[in-house]
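# Notes for the structure review
Below, each chain spelled out in residue letters.
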Amino acid sequence: MSDRIASVERNTLETQIKVSINLDGTGKFNCITGVPFLDHMLEQVARHGLIDLDIHAVGDLHIDAHHTVEDLGITLGQAFEIAVGDKKGIKRYGHAYVPLDEALSRVVIDFSGRPGLEMHVPFTRGSVGGFDVDLFSEFFHGFINHAKVTLHLDNLRGKNTHHQAETIFKAFGRALRMALEADERMAGQMPSTKGSL
């Protein structure tokens with residue numbers, strides 16, 4: 001596979017976002033969004049997905065974090081779609097279960113070319129670290145619509161909201177890593193009977 005890297009810049013009246021990714025990285029992470037808890041979650045994706053992430057976002061945080069979080073999901077999704085390329089030779093599907101103390105989450109992803117999100121995460125609190133947990137849905141909707149993936153997120157158990165969120169993002173990173181790995185037996189072939197994704 002050729003280098004799977006991408007840089008995307010998105011500028012609106014509400015946010016200015018730059019994202020650079022390397023899908024075959026080592027987990028390098030540089031991120032400034034003005035939303036510390038989101039930065040912490042994205043670092044989990046980089047580390048556990050072995051994806052290099054460089055993110056700089058400026059948003060209208062004087063209102064709230066909604067636009068920044070949603071637009072970051074959009075921009076990251078766009079970068080993934082570019083970096084993945086034609087999808088020949090990848091495993092396509094990825095899944096992971098991740099525990100953290102009492103919490104356990106499962107994430108399953110399909111680089112199907114069809115956006116879809118099933119998110120079942122019964123957060124026990126409405127915010128964590130000053131972050132409105134409703135915004136996680138906005139982030140993942142932005143991501144799946146522009147990465148063109150089907151994504152299932154399930155928190156199977158958990159009492160601590162931080163643990164619930166962290167297991168979702170760690171499992172998301174692990175599932176991405178699995179789906180994007182080269183499949184030696186599928187080398188050069190499209191992982192679909194349709195011939196395209």
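Residues numbered from 1 in each chain as written. Predicted model: local features only at pLDDT ≥ 70, side-chain atom pairs only at ≥ 80, totals over all residues. Heavy atoms only, no water.

The name given to the chain in an unreviewed UniProt entry is Imidazoleglycerol-phosphate dehydratase, with Marinomonas rhizomae as the source organism. UniProt lists a comment for the chain under the heading Sequence similarities (unreviewed entry), and it reads "Belongs to the imidazoleglycerol-phosphate dehydratase family." (UniProt positions renumbered as here; feature names shortened; annotations may be inferred.)

### Thoughts on the sheet that holds strand E10 (residues 150-157)
The sheet built from 4 strands is open, its strands ordered E5-E6-E10-E7 with mixed pairing. Because the sheet does not close on itself, it has two edges, and the strands there are strand E5 (93-100) and strand E7 (116-120). Strand after strand, the sheet turns through a mean of 10° between neighbouring axes, direction not considered. Direction of pairing for E7 relative to E10: parallel, over a ladder of 5 bridges. Across the sheet, Gly116 pairs through a bridge with Thr150, a residue of E10. Set on the sheet, helix H3 (residues 135-147) makes contact with E7 and E10; between it and E7 the angle comes to about 160°. (Pairing = 2+ DSSP bridges. Helix = DSSP H or I, 4+ residues; strand = E, 2+ residues; numbered from the N terminus. Axes fitted to C-alpha atoms, helices over the stretch in contact; angles between N-to-C directions. Contact = heavy atoms within 4.5 Å.)

### Some thoughts on the nonpolar core
In terms of nonpolar packing, the biggest core is built from 57 residues, with Ile21, Phe80 and Phe111 touching the most fellow members. Among the elements that take part in this core, helix H4 (residues 161-180) stands out by supplying 9 residues, more than any other. Discounting residues that sit within four places of it in the chain, Ile21 has contacts with Arg4, Ile5, Ala6, Asp52, Leu53, Leu76, Ala79, Phe80 and Ala83. (Core = buried A, V, L, I, M, F, W, Y, C linked by side-chain atoms within 4.5 Å. Buried < 20%, exposed > 50% of the residue type's maximum accessible area, 1.4 Å probe, protein only.)

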